[in-house]
Amino acid sequence: MSCTFRILSENEHGYIGQCLGCSEFNFVYKNILVTFSEDNLLNFGHWLLDNRNNPEFYFVLPNGRSRVYNSPIPNLFLAFNDAELDEVSQLFSEVKLLLEARKILDHS
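Let us look at the structure shown here. (Residues numbered from 1 in each chain as written. Predicted model: local features only at pLDDT ≥ 70, side-chain atom pairs only at ≥ 80, totals over all residues. Heavy atoms only, no water.)

1. Details of the packing of aromatic side chains
Taken as a whole and assessed by the stated rule, the structure comprises eleven aromatic pairs. Each ring, one from Phe5 and one from Tyr15, has its centre 6.1 Å from the other, and the planes form 80°; the classification is edge-to-face. Separated by ten residues along the polypeptide, Phe5 in strand S1 (residues 5-11) and Tyr15 in strand S2 (residues 14-19) bring together distant segments of the chain. A relative accessible area of 34% places Phe5 in the partly exposed class. Taken together, Phe27, Tyr29, Phe36, Phe44, Trp47, Phe57, Tyr69, Phe80 and Phe92 form an aromatic cluster joined through their ring pairs. (Phe/Tyr/Trp six-rings, centres within 6.5 Å; stacked < 30°, edge-to-face > 60°. Helix = DSSP H or I, 4+ residues; strand = E, 2+ residues; numbered from the N terminus. Buried < 20%, exposed > 50% of the residue type's maximum accessible area, 1.4 Å probe, protein only.)

So, in structure tokens, the structure goes:
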């Protein structure tokens, strides 16, 4: 089965796209690739961005990143700096708008 993949939002360092055959979403940013259902993608974006200023996620690393998120997988963490979270926020904002527009058009 071939998969038709569509980029929904992208910037210099990543993108969010969707496989139109299976409806799975890819979040790709630098060396991270994670696949989600639509709901889980939006929940992941909310979790990242809602915890951006949470002191529990603040930990300065030698590489300049200071927002460290622990994943559900033991010993796997996602680390970002503020500029990277700005880029991630832009990706999710565009995708949320696009998905909302789709829902409105589907119900028209």
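We are not done yet, so read on.
2. Things to note about helix H2 (residues 82-106)
Given a rise of 1.5 Å per residue, 25 residues ought to cover 36 Å, and the 36 Å separating the end C-alpha atoms of H2 matches this to within 8%. Buried within H2 are the following residues: Glu84, Leu85, Val88, Leu91, Phe92, Val95 and Leu99. For H2, the elements touching its buried residues are S1, S2, strand S3 (25-29), helix H1 (38-50), strand S5 (67-70) and strand S6 (77-80). With a side-chain oxygen lying 3.0 Å from the backbone nitrogen of Ala83, the N-terminal cap of H2 falls on Asn81. (Expected span 1.5 Å × (residues − 1). Contact = heavy atoms within 4.5 Å. Polar contact = N/O pair within 3.5 Å; in protein donor to acceptor, adjacent residues only side chain to side chain.)

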